Amino acid sequence: MASSKFQAFWNHPAGPKTIHFWAPTFKWCLNVANVADFVKPPEEISYPQQLALGCSGLIWARYSMVITPKNWNLFSVSSALAVTCTYQISRKIRYAR
Amino acid sequence: MSSAFKAFLNSPVGPKTTHFWGPVSNWGIILASVADTQKPPEMISGNMTGVLCVYSALFVRFAWMVRPRNYFLMVTHSCNECVQLYQLSRWARLQGFLGKKKEPEAQE
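Cut-off values and rules
Residues numbered from 1 in each chain as written. Chains lettered and ligands numbered in written order. Predicted model: local features only at pLDDT ≥ 70, side-chain atom pairs only at ≥ 80, totals over all residues. Heavy atoms only, no water. 1 Å grid on protein atoms, 1.4 Å probe; cavity = no way out; pocket = protein on both sides within 12 Å on 5 of 7 lines; lining within 4 Å. Points joined across faces, edges and corners; volume = space filled by probe spheres on them. Helix = DSSP H or I, 4+ residues; strand = E, 2+ residues; numbered from the N terminus. Nonpolar A, V, L, I, M, F, W, Y, C, P; charged D, E, K, R; others polar. Contact = heavy atoms within 4.5 Å. Buried area = accessible area lost by both parts, 1.4 Å probe. Salt bridge = Lys/Arg side-chain N within 4 Å of Asp/Glu carboxyl O. Polar contact = N/O pair within 3.5 Å; in protein donor to acceptor, adjacent residues only side chain to side chain. Core = buried A, V, L, I, M, F, W, Y, C linked by side-chain atoms within 4.5 Å. Buried < 20%, exposed > 50% of the residue type's maximum accessible area, 1.4 Å probe, protein only. pLDDT = per-residue confidence, 0-100. UniProt positions renumbered as here; feature names shortened; annotations may be inferred. Axes fitted to C-alpha atoms, helices over the stretch in contact; angles between N-to-C directions. Parallel < 35°, antiparallel > 145°, perpendicular 65-115°, else oblique. Left-handed = near helix turned anticlockwise from the far one by under 90°.

**Examining empty space enclosed by the protein**
So, step 1. Under the counting rule described, the total for this entry stands at two cavities of 30 Å³ or more.
So, step 2. The volume enclosed by the largest cavity comes to roughly 180 Å³.
So, step 3. Forming the boundary of the largest cavity are 17 residues, of which S46 and Q49 of chain A together with M43, I44 and S45 of chain B lie nearest the centre.
So, step 4. When residues of the lining of the largest cavity are traced back to their parent elements, those giving at least two are helix 4 (47-66) of chain A together with helix 2 (18-36) and helix 4 (71-95) of chain B.
So, step 5. A breakdown of the residues in the lining of the largest cavity according to their chemical character gives three nonpolar, nine polar and five charged.
So, step 6. In this structure, the second largest cavity encloses a volume near 30 Å³.
So, step 7. Taken together, K27 and W60 of chain A together with N26, Y55, F59, L73 and H77 of chain B make up the lining of the second largest cavity.
So, step 8. Those elements giving two or more residues to the lining of the second largest cavity turn out to be helix 3 (46-65) and helix 4 of chain B.
So, step 9. The class makeup of the residues in the lining of the second largest cavity is four nonpolar, two polar and one charged.

So, in structure tokens, the structure goes:
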């Protein structure tokens, strides 16, 4: 049973043999990079970059719920990106005070 | 002219759809990075820039393969790839990864 479910996943038209899987999956590395940068000194954070990434995260979170089929992977990674970017921006604002 | 514009307005990847506005939001990332090219390279995050390079390469392919095919997204990520590679080279030069060319000159 498990192997037939795995086969269904493996051979899915948006599965791991296709770019439809890897492009949104790799987007998680943007969040990993941002979390790794939580220890960077706040003066090295770029306001424009974090604002742009955060806004695009919010818009893509909406986009992923409007397309057919709904893309929960893209929704979750985009929402997480908005959160990590917001935190980075808050670090820099707190430092500037 | 107006029929071409109407065709654009009513296109399945046109401005009445999210297939258009998603890539528009991605242009913010590119413009932010272009602004950051004027800042000192010490401010560049190697982590984020390296990941953005791979990310945009993957999404160029994604935009080509997705249906409906999204040329706007493809162009957006191609441009981002160029800016991120430039930023990565600035970061790499600062780290000393691109310093090898000076050696032959020193030997002369």
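There is more to say, and it comes next.
**Structural notes on the interface of chain B and chain A**
So, step 1. Taken together, the contacts link 29 residues of chain B with 30 residues of chain A.
So, step 2. When residues of chain B are sorted by the area they lose upon contact with chain A, T18, M43 and M48 of chain B head the list and together hold 22% of the total.
So, step 3. Counting the contacts that link chain B with chain A gives zero salt bridges.
So, step 4. At the junction of chain B and chain A, the tally comes to six residue pairs in polar contact (both at pLDDT 80 or more).
So, step 5. Among the secondary structure elements, those contributing two or more residues to the side of chain B that touches chain A are helix 2 and helix 3 of chain B.

**Notes on the nonpolar core**
So, step 1. In this structure, L30 and L53 of chain A together with M48, L52, Y55 and F62 of chain B are the most contacted members of the largest nonpolar core, which totals 24 residues.
So, step 2. Only helix 2 (19-26), helix 3 (28-36), helix 4 and helix 5 (72-96) of chain A together with helix 2 and helix 3 of chain B provide two or more residues apiece to this core.
So, step 3. Ranked by residues supplied to this core, first place goes to helix 3 of chain B with seven residues.
So, step 4. Excluding residues that lie within four positions of it along the chain, F62 of chain B makes contacts with I19, H20 and A23 of chain A together with L73 of chain B.

**Regarding the confidence of the model for chain A**
So, step 1. For chain A, the average pLDDT comes to 90, and 100% of its residues sit at 70 or higher.
So, step 2. Confidence scores differ between elements of chain A, with helix 2 of chain A showing the lowest mean pLDDT of 88 and helix 3 of chain A the highest of 94.

**Some remarks on the environment of A8 of chain A**
Residue and element names in this part refer to chain A.
So, step 1. Structurally, the position occupied by A8 is in helix 1 (residues 2-10).
So, step 2. What makes A8 partly exposed here is its relative accessible area of 48%.
So, step 3. Put simply, A8 and W60 are 52 residues apart on the chain and 27 Å apart in space, counted from C-alpha to C-alpha.

**Quick look at the UniProt feature "transmembrane region" (unreviewed entry) in chain B**
So, step 1. If you check UniProt for "transmembrane region" (unreviewed entry), the listed places come out as residues 44-64 of chain B in our numbering.
So, step 2. Along residues 44-64 of chain B the backbone is 90% helical and 0% strand, and the end-to-end C-alpha distance reaches 30 Å.

**Quick word on the packing of helix 3 of chain A against helix 3 of chain B**
So, step 1. Relative to each other, helix 3 of chain A and helix 3 of chain B sit at 175 degrees, their axes nearing to 9 Å. On the basis of the axis angle, helix 3 of chain A is roughly antiparallel to helix 3 of chain B. Residue-level inspection shows C29, L30, A33, N34 and A36 of chain A of helix 3 of chain A in contact with helix 3 of chain B, the latter providing N47, M48, V51, L52 and Y55 of chain B.
So, step 2. The residue inventory of the contact of helix 3 of chain A with helix 3 of chain B, partitioned by class, reads eight nonpolar, two polar and no charged.

**Let's talk about the packing of helix 3 of chain A against helix 5 of chain A**
All names here are of chain A.
So, step 1. In contact at an axis separation of 9 Å, helix 3 and helix 5 are set at 20 degrees when each is read in the N-to-C sense. In terms of axis orientation, helix 3 runs roughly parallel to helix 5. Handedness of the crossing formed by helix 3 with helix 5: left-handed. On helix 5, the residues that touch W28, L30, N31, N34 and V35 of helix 3 are N73, S76, V77, A80, L81, T84, C85 and Q88.
So, step 2. Looking at the contact of helix 3 with helix 5 residue by residue, the classes come out as seven nonpolar, six polar and no charged.

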